[in-house]
Amino acid sequence: MHRGSVSHRAWASVLAGCLAACTVPIAPTSTASTGDLTDRVDALVAPFVAEHEFSGAIVMARGDQIVYARGFGMANHAVGVAFTPHTPVDGGSLAKTFTAAGILWLAHDGNIELGAAVQEYVPEYPHPQTTVRQLLSHSNGLPLDYELFDDYFKPDEVRTTSGMLRIVTRQAVQPSFAPGTQYEYSNLGFDTAALVIERVTGQSYEDFVKERFFSRLGLQSSFARPARLADWEGVRTVGYRWREGTWQPHDALDGEGFLGGSNFYFSAADLVRWGSANASGSALPEPVFEAGQQQLIVGGLPLQVTGLSWYCDDRKIRCNYSGHHVGFHSFLFWDRERNETLAFVSNSTLPAWKIAILQRELVNALASHPPDVDTSVAFVDIPKIDPAEVAGTYLAPAIPAVTITAGEGGGFKIRWGEGLEYDAYPADFQVLYVPGLDFYLAFSGDKGARALHVKAQELNTIMRPVGLASGDGE
C-alpha cells in the first residue's frame, strides 16, 4: 500500500555519475565512536544479503556527522552497477512527506485554506464536499487502487492525476464514505494534493519540490521519474526479487505520470538529509512544523499519522515513514531529541516481516539500544485464515487492545484501543500491513487460539485473544 520534482533532464548527469561511483559530498564520517556501530550494522545486514533478501544502501547520522554509510549488492544487474549511499531508488510513499510539507507551508503562507473544498483549486475534482485537509488525512473516499482505471486508459497511454479524476467524474463514482468520517489509505488523494500545489503556485510540482526542499536542503540525487521508463536517461535502479536461483525483475510500472503520493526517486544519503532537516528544525518554518506534527482528526478520533505524514511516538520526537512499491522499499527515521537519523533503501523485495525487523534493529543500533529478543515462530499463511475465525480482541501487557473484525469481501479490519478502524492488507504471504497504524501483523498457533504478532517502530509484542495467556514483548 506504500506507493510510491526535479526535472529529469536536469539531473541526468548527476544520476549517471551517482549510479556509477557517486562523489556527491556528505558530511564526513566521525570515526571516533562508530566502530561498534559499523560492526553491529554489518552483522545485522549480512544474513539478509547472504539469503538474497537485501540489496540497497544504509546511511546513519548523528547531528551533521555521517556515522554509517554503505551500499550492498547491485542497483542494476544488467549493466553491473553496484549500490552506493547515493544511488536513487523508487521511494514509494516517502513522496507523501514532501507533499504534506508543501501543502502545510502554503497554508501557513495564506495560499491554501485547508478547510476549503478541493474543487476551489482543482475544478476537475469529482466530489464537491471534500476538503484539502481530507486529502492529507486519507479521509476522502477516492478509489483505492490505480488498477481500477485500467479499462479507461490505453495500454501505452500515460496516466495522469487529472485524467484519473476526470474518469471518476465521468463515471459518477461517489466517495466510498462521507468525506472526513473514515480513514482509507489514499494515494490518489496525495496526487490530488500535488495538483493543488501546482494550481496555487503556477509551478510544476517537481519544480516546487526542488525549490522548497531539494535545492535548499542539499538533496542532490533526488528527482521525479519520467512517466515513460523508455525516456529515462542514464542507468536506472531496477527492482528485483530472488527466484529460482537468480535475480528477476520486479520493477516499477510504466506510464505513471502522477506525482504527490509516489514516483520520486531518493538516495539513502538524500533521505538522511531530509530526516536530519526535520530533526534539527530546518526542514520547515517552525510554526509550520509545529502545526504539522499535530495528529489529524478523522471522525472525531486522532490518526496515528501526523499532518506532515510521519508516524511518531507520543511526544512527537521519534518519527518515521516508509515507502514500498513492487520490489522497492525505503525507510526514514529521525529522532529530534537525540538528533539522529537513519535511512535505508532497497530494490530486492525484502519479505515484509524482515522489513519490520530490519527497521527496528537499525534504529536500536543507532541509539545503542539492545537488539530485540528473537521471538521468531512459524507464521500461518494469510490465505489459510478466515478473518471471521480470528475476529476478536487481543491483549498484551501495558498497551491498548487490538480488535480484529472481518471486513467486507473477507478482508481484515483493525482497531487500536478505542481509536479508528483501519484496513489491513496482505504485504506478503504471511504478513498483513496496516496503513494508518504502521503495524505489521502475523498470526501463529492453531485455529481457535491464534496469537497475534505485532511489529511497529514503537511496538514489538505478541498479543493473545481474550481468555488466553497475556502476550510477551515490549
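What counts and how
- Residues numbered from 1 in each chain as written.
- Predicted model: local features only at pLDDT ≥ 70, side-chain atom pairs only at ≥ 80, totals over all residues.
- Heavy atoms only, no water.
- Pairing = 2+ DSSP bridges.
- Helix = DSSP H or I, 4+ residues; strand = E, 2+ residues; numbered from the N terminus.
- Axes fitted to C-alpha atoms, helices over the stretch in contact; angles between N-to-C directions.
- Contact = heavy atoms within 4.5 Å.
- Phe/Tyr/Trp six-rings, centres within 6.5 Å; stacked < 30°, edge-to-face > 60°.
- Buried < 20%, exposed > 50% of the residue type's maximum accessible area, 1.4 Å probe, protein only.
- Parallel < 35°, antiparallel > 145°, perpendicular 65-115°, else oblique.
- Nonpolar A, V, L, I, M, F, W, Y, C, P; charged D, E, K, R; others polar.

Engineer: Whenever I open this one, the sheet that holds strand E21 (residues 439-444) confuses me. Can you help?
Structural biologist: Pairing between sheet strands relies on hydrogen bonds along the backbone, with the strands arranged either parallel or antiparallel. Strand order in the closed barrel formed by eight strands is E16-E17-E18-E19-E20-E21-E22-E23, and the pairing between neighbours is antiparallel. Averaged over all neighbouring strand pairs, the angle between strand axes comes to 30°, with direction disregarded. Here helix H10 (residues 352-366) sits on the sheet in contact with E21, strand E22 (451-456) and strand E23 (459-465), set at roughly 125° to E21.

Engineer: What is the right way to read the sheet that holds strand E5 (residues 89-90) from this model?
Structural biologist: Sheet architecture is open: three strands sit in the order E5-E9-E6, paired in antiparallel fashion. A strand with exactly one partner marks an edge of an open sheet, and here the two such strands are E5 and strand E6 (223-224). Pairing analysis gives two bridges linking E6 to strand E9 (residues 264-266), with the strands arranged antiparallel. Bridge assignment links Ala-224 to a residue of E9, and that residue is Phe-264. Packed onto the sheet, helix H7 (residues 205-217) meets E6 and E9 and runs at close to 30° relative to E9.

Engineer: How should the packing of aromatic side chains be read in this particular structure?
Structural biologist: Two aromatic rings, taken as a pair, are described by how far apart their centres are and by the angle between their planes. Scanning the entire structure with this criterion turns up 28 aromatic pairs. When the centroid spacing of 5.0 Å and the interplanar angle of 75° are considered together, the rings of Trp-353 and Phe-379 count as edge-to-face. With a gap of 26 residues between them, Trp-353 in helix H10 and Phe-379 in the loop between H10 and helix H11 (387-390) connect regions that are remote in the sequence. Like Phe-379, Trp-353 is buried. Members of the aromatic cluster, each reached through a chain of ring pairs, are Phe-98, Trp-105, Tyr-205, Phe-208, Phe-213, Phe-214, Phe-264, Phe-266 and Trp-274.

Engineer: Could you clarify how one ought to interpret the packing of helix H3 (residues 95-108) against H7 in this entry?
Structural biologist: Angle between the axes and distance between the axes: these two values describe a pair of packed helices. At their nearest, the axes of H3 and H7 sit 11 Å apart, and the two run at 90° to each other. Compared by their axis directions, H3 and H7 come out roughly perpendicular. On the side of H3, the interface is formed by Ala-95, Phe-98, Thr-99, Ala-101, Gly-102, Trp-105 and Leu-106, while H7 contributes Tyr-205, Phe-208, Val-209, Arg-212, Phe-213, Phe-214 and Arg-216. Here the contact of H3 with H7 is composed, by residue class, of 10 nonpolar, two polar and two charged.

Engineer: Looking at this model, I keep getting lost on the pairing of E21. Mind explaining?
Structural biologist: Regular strands have side chains that alternate between both faces of the sheet. Extensive coverage of E21 is indicated by the burial of six of its six residues. Where strand E20 (residues 432-434) lies against E21, three bridges are found, and the strand directions are antiparallel. Across the sheet, Leu-432 pairs through a bridge with Leu-441, a residue of E21. As consecutive antiparallel partners, E20 and E21 are separated by four residues, and within that stretch Gly-436 has a phi angle of approximately 100°, a positive value. For E21 and E22, the ladder comprises five bridges, and the chain directions are antiparallel. Looking across to E22, one finds that Leu-441 is bridged to Val-454.

Keep in mind that these numbers describe shape and distance, not what the molecule does.
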